[in-house]
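Given next are the chains, with one letter for each unit.
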Amino acid sequence: MKKGIKVLKFLPYFPPHKGWLEVHVQEWSRWWVRSGYGEVLNITFSVWQSEGVFEYSENGYRVIILPAFDLVPNFPFPTFWTRDFWRGLNEAKKFGADIINTHTRFFLSSLIGWIFAKIYRIPWIHIEHGSDYVRLDSSFKTWIAWVFDQIIGRWIFWSADAVIPISEACKKFVGWFITREMSVFYRWLDVVETGIDKSLSDIKDKFPWKIIVGFIGRLYKWKNVESFIRAYYELDTKIRKKIQPVIVGYGEDLERLKILDRDNKFYFTGWKNSSIDIATQSQFDIHIHSSSPGWGLATTLLQAMYLGCFIVATPYEGADEVIVNGENGILLNGDSVDDIREGIIQAITELEPKRETFARLNANIIVERFSWSWNIKKYFHFFNQFLQTWKKL
């Protein structure tokens, strides 16, 4: 076998689009090349990409952009009738991939990756990030998403030559559709390798003598930030005076959330860039992980653990895989307003006596289980063994 493995990834989004999946793939690509494991070509849709750009390279990997538009919010649809769409697939063919990766079954990029793999007889490994059915802003849309999963999602899981879930919750979800052997590959944190510059954020200066209680992430319905806001307004007035709620992020729920903040008590920062956003998160005293069921282990939760924030988390998005209630944070029973309100009250009470101990334990968990060097090596060994088995078939 030739030295190095050429990996072709089909993706719904890629930075500058903001989200955990695309940032994960960007970091994965950079570390794969940097570690000398081979080449990476990322094929993504044009939503949020620079207009008129077909291809670019950075950090040793390539990105090719297929023209597309959002059929509905956050669901890009490729314009397969255009010249650049087929030009992009022709470049993908010329890349000569050893392995194809798709990420998350709930996008047409995974379907395109499947077709491409079968036409050119390239082994296909699907990496799944979801841990539940998609929940949208209406029961009809949620039903359509469920039907999509029963047909396309199930087909993706069944047809892939291997499936890699990124958390135990993801593995359990995939197990609803298929029975096959799967190994969990946890994602990793770039901040462990690069460090942070806290001086990039002035949140503590803006709100001196306040306990900063914050959320960071995409503002989608399934992030359940609404319950965080409602929980704040149900707190006793004395407690509200002690804290400053902060929301870092952007998404389709932003304007609705601002309306819910009826007295303008929340500080909405929007998206800045990753360095500034992480610096802001590092100044949270209490990190609120408010997620409802839906996706895999949340990067923002792992970051909060590494940064020493006191964690208040619903059990979803993988929180119950890394947080043990009372040992390294507060793990709530559910994602209701009552759950989050009581979690905030408990966290304020326990912040002083327990924060330092929790922070030390959480930093050790992240360094030991979520470092780049360990996890990217694990991927390389898995791909190597997979290709050796594939060639014998």
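Going by the structure above, here's the rest.
Rules used throughout
The residue numbering used here restarts from 1 in each chain and proceeds along that chain's sequence as written. With pLDDT at 70 or above as the cut-off, local features in this predicted model cover only qualifying residues; side-chain atom pairs require 80 or more to be listed or tallied, and sums for whole chains, interfaces and linings still use all residues. Only hydrogens and water are set aside when side-chain values are computed; all heavy atoms of the structure are taken into account. The way it works is that DSSP assigns letters per residue, a run of H or I at least four long becomes a helix, a run of E at least two long becomes a strand, and they are numbered from the N terminus. Only strands that DSSP links by at least two bridges are regarded as paired with each other. Given a helix with a known number of residues, its expected span is that number minus one, times 1.5 Å. The buried label goes to any residue with under 20% of its type's maximum accessible area, the exposed label to any with over 50%, and the partly exposed label to all in between, with areas taken from a 1.4 Å probe on protein chains only. Axes, fitted as lines to C-alpha atoms, cover a helix only where it is in contact. Angles between the N-to-C directions of the axes lie from 0 to 180 degrees. Each angle receives one of four descriptions, namely roughly parallel if under 35 degrees, roughly antiparallel if over 145, roughly perpendicular if within 65 to 115, and oblique otherwise. Should the near helix be turned counterclockwise from the far one by less than a right angle, the crossing is left-handed, whereas a clockwise turn marks it as right-handed. Here, residues are in contact when the closest pair of their heavy atoms is within 4.5 Å. Residue polarity follows a fixed list, in which Ala, Val, Leu, Ile, Met, Phe, Trp, Tyr, Cys and Pro are nonpolar, Asp, Glu, Lys and Arg are charged, and the others, Gly among them, are polar. By definition here, a salt bridge exists when the distance from a side-chain nitrogen of Lys or Arg to a carboxyl oxygen of Asp or Glu is within 4 Å.

So, the environment of Ile-151
Structurally, Ile-151 is set in helix H4 (residues 139-159). In this structure the C-alpha to C-alpha distance between Ile-151 and Tyr-133, which are 18 residues apart in sequence, comes to 13 Å.

Quick notes on the sheet that holds strand S10 (residues 211-216)
Taken in spatial order, the six strands of this open sheet run S12-S11-S10-S13-S14-S15, and their pairing is parallel. If you trace the sheet from one side to the other, it starts and ends with strand S12 (267-270) and strand S15 (330-331), each paired once.

Quick look at helix H1 (residues 20-34)
Between its first and last C-alpha, H1 extends 21 Å over 15 residues, near the 21 Å set by a 1.5 Å rise per residue. Burial in H1 covers these residues: Leu-21, Glu-22, His-24, Val-25, Glu-27, Trp-28, Ser-29, Arg-30, Trp-31 and Trp-32. At the exit of H1 stands Gly-36, carrying a positive phi of roughly 80 degrees.

A few points about the packing of helix H12 (residues 299-307) against helix H14 (residues 337-369)
Running from N to C, H12 and H14 cross one another at 125 degrees; their axes reach a closest spacing of 7 Å. Here H14 runs oblique to H12, going by the angle between their axes. As H12 runs across H14, the sense of the crossing is left-handed. Within the contact between the two elements, H12 uses Leu-302, Met-305 and Tyr-306 and H14 uses Ala-359, Asn-362, Ala-363, Ile-365, Ile-366 and Val-367. Classifying every residue of the contact of H12 with H14 gives eight nonpolar, one polar and no charged.

Things to note about the sheet that holds strand S2 (residues 40-45)
An order of S3-S4-S2-S1-S7-S8-S9 is seen for the seven strands of this open sheet, with the pairing classed as mixed. One side of each edge strand has no neighbouring strand; the edge strands of this open sheet are strand S3 (55-58) and strand S9 (162-165). Taking the axes of each pair of neighbouring strands and ignoring which way they run, one obtains an average angle of 20 degrees across the sheet. One ladder, built from four bridges, connects strand S1 (residues 7-11) with strand S7 (residues 99-103); its direction is parallel. When the bridges of S7 are listed, Leu-8 appears paired with Ile-100. Contacting S1, S2, S3, strand S4 (61-66) and S7, H1 runs over the sheet at an angle of about 160 degrees to S2. Strands S1, S7, strand S8 (124-128) and S9 of the sheet are contacted by helix H15 (residues 372-392), whose axis makes an angle of about 165 degrees with S9.

Description of the pattern of salt bridges
Taken as a whole and judged by the stated rule, the model has 17 salt bridges. Its salt-bridge partner being Glu-91, residue Arg-62 comes within 3.5 Å of it at the nearest N-O pair. Of this pair, Arg-62 sits in strand S4 while Glu-91 sits in helix H2 (residues 83-95), and the two are 29 residues apart along the sequence. Given a relative accessible area of 22%, Arg-62 falls into the partly exposed group. Residue Glu-350 pairs with Lys-354 through a salt bridge whose shortest N-O separation is 3.6 Å. On the criterion of helical spacing, the pair formed by Glu-350 and Lys-354 is a turn pair, its members being four residues apart in helix H14. Among the ionic contacts, a cluster of salt bridges with common partners joins Glu-55, Arg-62, Glu-91 and Lys-94.

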